[in-house]
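These are the residues of each chain, in order.
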Number of protein chains: 2
Amino acid sequence: MATSGTPRRRSREDVAEMALHLLDEYGLPDLTMRNLATALGVQPSALYWHFPNKQALLAAVSTRILAPLAELPVEDLSVHEAVRVLGARLRDCLLTYRDASELVSSSLSLGLVGSPVRPQLLEVARRRGVPDALSEVAAEVLVHFTVGYVFHEQQRRTADSLGLLEAADALDPDEATAAPADEDSFAKALTMIADGLDVSVTRAAGPLG
Amino acid sequence: MATSGTPRRRSREDVAEMALHLLDEYGLPDLTMRNLATALGVQPSALYWHFPNKQALLAAVSTRILAPLAELPVEDLSVHEAVRVLGARLRDCLLTYRDASELVSSSLSLGLVGSPVRPQLLEVARRRGVPDALSEVAAEVLVHFTVGYVFHEQQRRTADSLGLLEAADALDPDEATAAPADEDSFAKALTMIADGLDVSVTRAAGPLG
DNA sequence: ACCTGAACACCGTTCAAGT
DNA sequence: ACCTGAACACCGTTCAAGT
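Residues numbered from 1 in each chain as written. Chains lettered and ligands numbered in written order. Predicted model: local features only at pLDDT ≥ 70, side-chain atom pairs only at ≥ 80, totals over all residues. Heavy atoms only, no water.

Asker: What's the story with the interface of chain B and chain A in this structure? I'm lost.
Answerer: How big an interface is tends to be expressed through the accessible area that disappears when the partners come together. On the chain A side, the residues contacting the 40 residues of chain B number 40 residues. Contact between chain B and chain A buries roughly 3,500 Å² in total, counting both sides, with carbon and sulfur atoms accounting for 63%. Seen at the junction of chain B and chain A, the total is two salt bridges. Residue B:Arg203 is joined to A:Asp195 by a salt bridge in which the shortest nitrogen-to-oxygen separation is 2.3 Å. (Contact = heavy atoms within 4.5 Å. Buried area = accessible area lost by both parts, 1.4 Å probe. Salt bridge = Lys/Arg side-chain N within 4 Å of Asp/Glu carboxyl O.)

Written as structure tokens, this is what we have:
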């Protein structure tokens, strides 16, 4: 009995994993249902048994990309530290796979995937007596900024890997080569966001004690 | 001579204007080259005389959407006020047309359109003696957050106009109906960003004077 | 200068039918 | 339960040719 080994129940996971691999290898524009089916040695229509549509598939891929964030230990951090660590780690996750920020951005906006920093930031903030309303706002600023920043970063990366950097710089003489999207300015931005939250916390606590 | 009236040189502008109209009327997914051509009473291939590709067309539409921002008078504002006013006005521009934030987000990330707040924020900041490096960072946080926020706002808007709000809320029992994307939390976020910039400015000026 | 006509090489999705 | 085969209704883009 059951000699055919494990009844491989997780073929849905296999599809998502192959999709993530194709994303990283060939980029989002080439992550088509047809290419994915071919890579799996299957007909395109077979994918629709596992996922209702392409958006749902992409949401599953987004979840995989963001998974490492959930395991990040934040209990002992200050709120200021948590904002910076969560932002930096979210950026790491997005930079791990090609075009990941674009994919996550859309899954996030469609509400098909939860905020990758909200639960942990809320937990730390509560522990320090910060009102949820403030941490909610900070979480939104943090995730929108980070995803948008890395989106921009990855687009420029693939853009000048194709050698069409001049086109983008010819926009405005003053505006050219705005920000090189360096590591440093990202860290400064996170500090600015954390500082902003601190000010709000102080203002909220000030009148009371 | 020249009896045929004005030689209508601006048909390129007409194409962009019609595209903006279609965007607002039917949404980004239905803004196809074929639908646009039909609306103009022309063959799809005719559009490629005016624009090299669809991305360039969309960039022109983005520029139109963001145009009102350039006329905003900011000279007399404090840096703190400028951040909040520019953010609020950017949101207004994006909310004026359906799916505008998604379109602008991609044009922005592709570098086909300049930052809609950078020039004015830099000008105000210089006037107040704020180092460019700091206002650059603040401008990035401001634009990424605002575009991302409104993207999320508009997606939810069209999502529940289609009556599929429950699907998104069934994600996580704790995480459900995260932020109703209200006017108020957006204003609070802008204040937080402005506060963060203020702290950075104070820190930069402190050791010196 | 501006546009047509026709083609090329693709898409996501559905659905009866197979096993 | 899981997949095939075949179709439907589309896409963006190119390019010779017209006017």
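Asker: Help me understand the relation of the copies chain B and chain A, please; the structure alone is not making it clear to me.
Answerer: To go from the first copy of the chain to the second, apply a rotation about an axis and then a shift along the same axis. Rotating chain B by 180° and moving it 0.0 Å along the rotation axis overlays it on chain A with an RMSD of 0.0 Å. What the rotation and shift describe, once combined, is the action of a two-fold rotation axis. Among all residues of chain B, the minimum C-alpha distance to the rotation axis is found for B:Gly196, at 1.9 Å. Take the interface residues of chain B: 100% of them recur as interface residues in chain A, which is what a same-surface contact looks like. (Least-squares fit on C-alpha atoms with pLDDT ≥ 70 in both.)

Asker: Whenever I open this one, the packing of helix 5 (residues 79-96) of chain B against helix 8 (residues 132-161) of chain B confuses me. Can you help?
Answerer: Residues and elements named next belong to chain B. At a minimum axis distance of 10 Å, the contact between helix 5 and helix 8 shows a crossing angle of 35°. Crossing handedness for the pair helix 5 and helix 8: right-handed. Seen from helix 5, the contacting residues are Val83, Leu86, Gly87, Leu90, Arg91, Leu94 and Leu95; seen from helix 8, they are Leu142, Val143, Thr146, Val147, Tyr149, Val150, Glu153, Gln154 and Arg157. Looking at the contact of helix 5 with helix 8, its residues break down into ten nonpolar, three polar and three charged. (Axes fitted to C-alpha atoms, helices over the stretch in contact; angles between N-to-C directions. Helix = DSSP H or I, 4+ residues; strand = E, 2+ residues; numbered from the N terminus. Left-handed = near helix turned anticlockwise from the far one by under 90°. Nonpolar A, V, L, I, M, F, W, Y, C, P; charged D, E, K, R; others polar.)

Asker: Would you mind going over the pattern of salt bridges with me for this structure?
Answerer: It is possible for side chains of opposite charge to pair when their charged atoms get near one another. One pass over the full model with this rule turns up 18 salt bridges over all chains. For B:Arg64, the salt bridge is made with B:Glu17, and the minimal N-O distance between the two is 3.0 Å. Of this pair, B:Arg64 sits in helix 4 (residues 54-70) while B:Glu17 sits in helix 1 (residues 11-26), and the two are 47 residues apart along the sequence. Taking relative accessible area as the criterion, B:Arg64 reaches 27% and is therefore assigned partly exposed. Three or more residues are tied together by salt bridges with common partners; here these are A:Glu13, A:Glu17 and A:Arg64. (Buried < 20%, exposed > 50% of the residue type's maximum accessible area, 1.4 Å probe, protein only.)

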